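Chains, contacts and geometry: an overview
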There are 2 protein chains.
Amino acid sequence: MKQLRYGIIGIGNMGSGHANILTSGAIKGAVLTAVCDGFESKRDWAREKFGDKIAVFENAESMIDSGLIDAVVVATPHYDHPTEAIEAFAKGMHVLIEKPAGVYAKQVREMNEAAAASGKTFGIVYNQRMNPLYQKLREMIQSGEIGEVRRINWIITNWYRTQAYYDSGTWRATWGGEGGGVLINQCPHNLDLWQWTTGMMPIRMRAFCQFGKNRNIEVENDVTAYAEYENGATAVFITSTSDAPGTNRLEVSGSRGKIVIENDKMTFWRLREEEAAFNARNTEPFASPECWKIDIPSSGPSPEHAGILQNFTDAVLLGTPLVAPGEEGIKGLTLSNAMHLSTWLDGWVDLPLDEALHEAELNKRIASSTYQKPSTAAAETKPADLTGTF
Amino acid sequence: MKQLRYGIIGIGNMGSGHANILTSGAIKGAVLTAVCDGFESKRDWAREKFGDKIAVFENAESMIDSGLIDAVVVATPHYDHPTEAIEAFAKGMHVLIEKPAGVYAKQVREMNEAAAASGKTFGIVYNQRMNPLYQKLREMIQSGEIGEVRRINWIITNWYRTQAYYDSGTWRATWGGEGGGVLINQCPHNLDLWQWTTGMMPIRMRAFCQFGKNRNIEVENDVTAYAEYENGATAVFITSTSDAPGTNRLEVSGSRGKIVIENDKMTFWRLREEEAAFNARNTEPFASPECWKIDIPSSGPSPEHAGILQNFTDAVLLGTPLVAPGEEGIKGLTLSNAMHLSTWLDGWVDLPLDEALHEAELNKRIASSTYQKPSTAAAETKPADLTGTF
C-alpha cells in the first residue's frame, strides 16, 4: 500500500476539520476518497466543497462496502464511536476515532476487544499528545527528572462555554445525547494527558460534580475531583465551563522537584538532592533542600490534528508506533466515568472501575431526564466555527 | 492609661519573639513589664536577656497578681491558649493570644464567651492579616471588584518541615501535644485568610488528610480539602510539609473576574461585564466576555507581628478597631477541625461544626496514640531559630 485511502464517518464539526486537513495535501501518504453522513445538508456541504473528487455516502456501511477506502475516521456523536468502530473493524478497516473513545467504559472495552481481534491499526484523535509541551512533561517524568510523582494539581477551568453554545444543538449537554458535560466533551484531552504524561492511574477517586452550574443544562459543567494512587500520591482535577476567565495550570510535584505548565510555558524546580535523602541526613529543623528554578525551553508549536493524521497514516504504511493508540482511550474515559459515579453515589469509587455499575447509573439519568431544550435548539446541520475548541 | 503594660505567658519560640519586639521600642504605647514560664531554663534566658527591667515569674497567676501588667500575650502550647486566656480575663486582663486559638472549637467557644463577659480587649496574633497583599484581596472582594465569589483554590504546600523539625520537641506533631499537624501548627494563618479575605464560611466540607506522609509522625502533614458554600461556590485547599519546593498560589474567581496571588504578587483578570450578563445576552456559541489582565501594584511590606502588637495596643489605649479580634480565631480553627473530622469519619462534615463530636474523635486519637518520639527528642528549652516560620 502506497497511499492510505481515508473515509470519514460523520462530517460535522470535527469530521469536516479532518476532511479539510486530508484534502489539503499536508498528510504524506494519505488521501481522502469518501465521506458519509446521515444528514442530507451535510452531504450537500461535502459535494459542494469537494465536487466529484470525493465519494459521498449516506452511511458507513455503504461507504466501506464501496471498496474506496482502507481506513475510517469516526467523527460521529460520542455514543456512536464504539459502534462505528466495531463495524469498521469487522470489515477490515483501520480505524481512527475521535475523542472521547465512547461514553461509558463498558462499550469502549468491547471496541478495544474488536480492535485487538481485527489486527488492524486503531488510533484515537488525542491531538494534544502531539503538543511538544506535554510530550516534554511525559519524557521528563518517565526519565525520572522529578523522581517519584507525589502530587498532581490540574486547574483546567478555561473551557468557557455560553448558554448559546449549549442551545446550539439538541444533543448537546444531555444525558441521552452526550452522556455527560465538560468531562465528556471538553476534558477528554486533559483526562488523557493527566494519566499519559504521568504514567499513573489512580486506585480510588472522590469527585464532586455540579450539574447545570450557571447554565441551563442537565449535565455536569463544574467538577472538582480528588484521586489517590498506589504509591501514596494524590491529585486534584478542577474544571468548569462558566469560569471567566478560567485557568490552565498543571503542577506535578515529585521527590526530586516540581514542574508547572502554565501559559504554554514549562518551569522546572529541580532539587539537587532527592527530598527523602535530604530529609534523612538533615539535622537542622528549618532547613530545606537546595532547589534550582529552571525555564524549560519551548519546543515549538503542536502539529495537533495534522500530527495525529500523519502518525496514524505512518503507522499503517510504515509501521511507525502510534502516539495515541485507540486502546488507550479507555483510560481517560475511566477517569471521567469514575468522577460521575463518585458524585452519583456520593462516595469513593475504586479503580479498576465497576463498569456495569457506571453504565446502570448513567442509564438511570437518561431514563429520568426531564430536561427540555429551548425550542430554538436544533440538530446542527452545518459545521460551526470551532475556533477555540479542540 | 498612657502605656499598656504587657506580660508574656510562655517565652518559648513565639513568646520570646514578642518580647524582643516589645522591648525594642517599636510599639508605641506598649511596655513589657513581666514574663512567665514554667521552664527554669527559659526563665534564666529571660533574666539574662532583660536583666532587672522585666519581672520573671514561674506562672501566669503570680505574674497577673503582681499588679505589674494590664495585658497578657498567651504564647503557650496550643492546648493551653483557651485556659490561660479564660484565667486572664477572670482577673481583668486584656488578652492577645497566639494562633491557633486552641485545638478544638469547643474550648475556643468557651474562651470567646469568657472574653465577651469580661468586656476586655481580646486579640489573636493573625499577623498575616497585616499583610497589605491580603488586605488588598479582602478589600477587592468586599468592594465587589470580582463580583460574587464562585471558586477559591489555595495550593499552600510550601510549609516544608524536616524530620529534624518534628524530632526537635516531644510535643511536636502528636495528638496529645499539639492536637494536629500542618493544620494546627503551620496553616492557621492560611485558614484564617481563606475565610477573612472572602468573608465566607463553607456550609460543608470533605477533606482527605494523610498522616505521617514522608515523615515519622502521627498527625496529618498532607491535606486536600474540598468545600461548598451557600451560594454554590466551591473551594479547594491543599497543603503539605514534605513537598519540595512547595507552592503558594491563591486563586479567587468570581462573576466579574479572577484574582491570583502568587510569588507575593497580585494579578487581577477583570471582566468588563459580569459573566452572567454576558452569557444572557450573547448569541455566539464560542464567545467569551472581554477580560483585562491587570497587575495590581504592590502595597509594600507587611508589619507582621509588630503590626498586630501596635494594633492591639491602640485598641486598648485609643479604641482603635482590632484587625484580628480574638473571637474570630474560632473560624479558621473550625475549618481545621472540620478537615480532621471529615477524614476520621470518611464523609461529609456540615458546618456549623458538631464541636462535641469533633472533640470526642480527637480524644480517641489521643487515647489510642502509640507513637513514640525518638529518644533524641526533648522539650525545647531555648528559643529555636524560627527564620522562615510565622
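None of the values given here were measured: they were computed from a predicted structure.

A separate point is the environment of B:L22. All names here are of chain B. Tracing the sequence through the fold places L22 in helix α1 (residues 13-23). Residue classification places L22 among the buried positions, given a relative accessible area of 5%. Separated by 104 residues in the primary sequence, L22 and Y126 place their C-alpha atoms 17 Å from one another. When near neighbours in sequence (up to four residues on either side) are disregarded, L22 contacts Y6, I8, I27, A30, L32 and L309.

Residues and elements named next belong to chain B. Spatially, the six strands line up as an open sheet ordered β3-β2-β1-β4-β5-β6, and their pairing is parallel. Whereas interior strands pair on both sides, the edge strands pair on one side only; in this sheet they are β3 (55-57) and β6 (122-124). Across the sheet, the axes of successive neighbouring strands diverge by a mean angle of 25 degrees, strand direction being ignored. Pairing of strand β2 (residues 30-36) with β3 involves three bridges; the strand directions are parallel. Pairing of V35 across the sheet is with V56, part of β3. Sheet contacts for helix α11 (residues 304-318): β1 (4-9), β2, β4 (71-74), β5 (94-97) and β6; angle to β1, the most-contacted strand, approximately 130 degrees.

Along the chain, A:T239 turns up in strand β10 (residues 234-240). Among the residues examined, A:T239 registers a relative accessible area of 0% and is labelled buried. Here the side chain of A:T239 touches A:I156 through a polar contact of 2.7 Å, landing on its backbone oxygen. Residue contacts for A:T239: discarding those within four places in its chain leaves A:I156, A:T157, A:W159, A:V182, A:L183, A:C187, A:N221, A:D222, A:V223 and B:R151.

Moving on, we get to the domain arrangement of chain A. Residue and element names in this part refer to chain A. Each assigned domain of chain A is listed with its residue range as follows: domain 1 (4-128 + 303-325) and domain 2 (132-300 + 332-367). For domain 1 and domain 2, the distance between their C-alpha centroids amounts to 28 Å. Each partner contributes to the interface: domain 1 provides 17 residues, whereas domain 2 provides 25 residues. Carbon and sulfur atoms supply 57% of the area that domain 1 and domain 2 bury against each other, a total of about 1900 Å² over both sides. Considering only the surface of domain 1 that becomes buried against domain 2, Y79, Y126 and Q128 emerge as the three largest contributors, covering 32% of it. Our enumeration of links across domain 1 and domain 2 arrives at two salt bridges. One salt bridge in this structure joins E355 and R109, with 2.6 Å as the shortest N-O distance. If you look at where domain 1 meets domain 2, you find eight residue pairs in polar contact (both at pLDDT 80 or more). Among the elements that line the side of domain 1 that touches domain 2, the one with the most residues is helix α5 (residues 105-118), at four residues. Residue composition of the side of domain 1 that touches domain 2, grouped by class: nine nonpolar, five polar and three charged.

Calculation notes
- Residues numbered from 1 in each chain as written.
- Chains lettered and ligands numbered in written order.
- Predicted model: local features only at pLDDT ≥ 70, side-chain atom pairs only at ≥ 80, totals over all residues.
- Heavy atoms only, no water.
- Helix = DSSP H or I, 4+ residues; strand = E, 2+ residues; numbered from the N terminus.
- Buried < 20%, exposed > 50% of the residue type's maximum accessible area, 1.4 Å probe, protein only.
- Contact = heavy atoms within 4.5 Å.
- Pairing = 2+ DSSP bridges.
- Axes fitted to C-alpha atoms, helices over the stretch in contact; angles between N-to-C directions.
- Polar contact = N/O pair within 3.5 Å; in protein donor to acceptor, adjacent residues only side chain to side chain.
- Domains from an automatic or database assignment.
- Buried area = accessible area lost by both parts, 1.4 Å probe.
- Salt bridge = Lys/Arg side-chain N within 4 Å of Asp/Glu carboxyl O.
- Nonpolar A, V, L, I, M, F, W, Y, C, P; charged D, E, K, R; others polar.

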